[in-house]
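Okay, here's what each chain looks like letter by letter:
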Amino acid sequence: MDLDSKQKVLLAIYTEYQKDIPKMELITNVNLDMDSQVFRIAVDKLQSEGFIIGAKIHFPAGNPYPDKLIPHFIKMTREGIEFVEEKMEIQRSWTSKEKVEDLKIKFGKLGWDALSDFAAKTLVEILKQTI
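Residues numbered from 1 in each chain as written. Predicted model: local features only at pLDDT ≥ 70, side-chain atom pairs only at ≥ 80, totals over all residues. Heavy atoms only, no water.

Q: Please explain the side chain of Asp102 as it appears in this structure.
A: Here Asp102 shows up in helix 4 (residues 96-109). A distance of 2.7 Å separates a polar atom in the side chain of Asp102 from a polar atom in the side chain of Lys106. (Helix = DSSP H or I, 4+ residues; strand = E, 2+ residues; numbered from the N terminus. Polar contact = N/O pair within 3.5 Å; in protein donor to acceptor, adjacent residues only side chain to side chain.)

Q: Please clarify how the confidence of the model for the protein should be interpreted in this entry.
A: Segments scoring low in pLDDT should not have their predicted coordinates read at a detailed level. On average, residues of the protein score 93 in pLDDT, and 99% of them reach the 70 mark or higher. Model confidence for the protein, summarised as mean pLDDT per element, is weakest for helix 5 (residues 113-130) at 89 and strongest for strand 1 (residues 52-53) at 98. (pLDDT = per-residue confidence, 0-100.)

Q: Mind showing me how you'd approach the packing of aromatic side chains here?
A: Two numbers describe a pair of aromatic rings. These are the distance of the centres and the angle of the planes. Under the counting rule described, the total for this entry stands at 2 aromatic pairs. Measuring from ring centre to ring centre gives 5.2 Å for Phe51 and Phe83, while their planes differ by 55°; the resulting arrangement is tilted. With Phe51 in the loop between helix 2 (36-48) and strand 1 and Phe83 in helix 3 (residues 78-87), the pair connects residues that are 32 residues apart, well separated along the chain. Ring geometry for Phe107 against Trp112: centres 5.9 Å apart, planes inclined by 45°, an arrangement best described as tilted. (Phe/Tyr/Trp six-rings, centres within 6.5 Å; stacked < 30°, edge-to-face > 60°.)

Q: When you look at helix 2 in this model, what are you seeing that I'm missing?
A: Because each turn of an α-helix spans 3.6 residues, side chains separated by three or four positions in sequence point in the same direction. In this model, helix 2 (13 residues) spans 18 Å end to end at C-alpha, consistent with the 18 Å of a helix rising 1.5 Å per residue. Among all positions in helix 2, only Phe39, Arg40, Ala42, Val43 and Leu46 are buried. Buried positions in helix 2, seen along its axis, are confined to an arc of 160° and lie on one side of it. Looking at the buried residues of helix 2, the elements they touch are helix 1 (5-17), strand 1, strand 2 (56-58) and strand 3 (68-70). Capping of helix 2 at its N-terminal end is provided by Asp35; its side-chain oxygen lies 3.0 Å from the backbone amide nitrogen of Gln37. Positive backbone phi, at 85°, marks Gly50, one or two positions downstream of helix 2. (Expected span 1.5 Å × (residues − 1). Buried < 20%, exposed > 50% of the residue type's maximum accessible area, 1.4 Å probe, protein only. Arc of directions from axis to C-beta. Contact = heavy atoms within 4.5 Å.)

Q: Honestly, the packing of helix 4 against helix 5 in this entry has me stumped. Any pointers?
A: In helix packing, the relevant descriptors are the interaxial angle and the interaxial distance, both defined with respect to the helix axes. One can describe the packing of helix 4 onto helix 5 by two numbers: an axis separation of 9 Å at closest approach and a directional angle of 160°. One element, helix 4, and the other, helix 5, form an angle in the roughly antiparallel class. In this structure, helix 4 meets helix 5 at a crossing whose hand is left-handed. Contact residues: helix 4 offers Ser96, Lys97, Val100, Glu101, Lys104, Phe107 and Gly108, while helix 5 offers Leu115, Ser116, Ala119, Ala120, Thr122, Leu123, Ile126 and Leu127. (Axes fitted to C-alpha atoms, helices over the stretch in contact; angles between N-to-C directions. Parallel < 35°, antiparallel > 145°, perpendicular 65-115°, else oblique. Left-handed = near helix turned anticlockwise from the far one by under 90°.)

Right, dumping it as structure tokens:
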């Protein structure tokens, strides 16, 4: 299974979204091992297509590509959640911990190292919340 940049960003957002208190500012091009321009455009596309809301995106005058992004207020839409859960075969009834554990395993098997690392960090945070 291959991922485009947009799907990679959406999977990271979904993973972070599983925490009781998500920190969407952790969704960065650096954490996803992605070019910053590609990352900003992917977030803009996800918002335009209705998979997420709340991204603050700035477009400089006369430029069709964003130059700044503030991800702090990103939330997933129902459509975004359903897309990820269908694509990654995640059961809606699973707990957040189960969802992130499953994603971490799948990311690792597929060789998606940046997403696997991101899921591992998220899983640690979820486990801290349950103690």
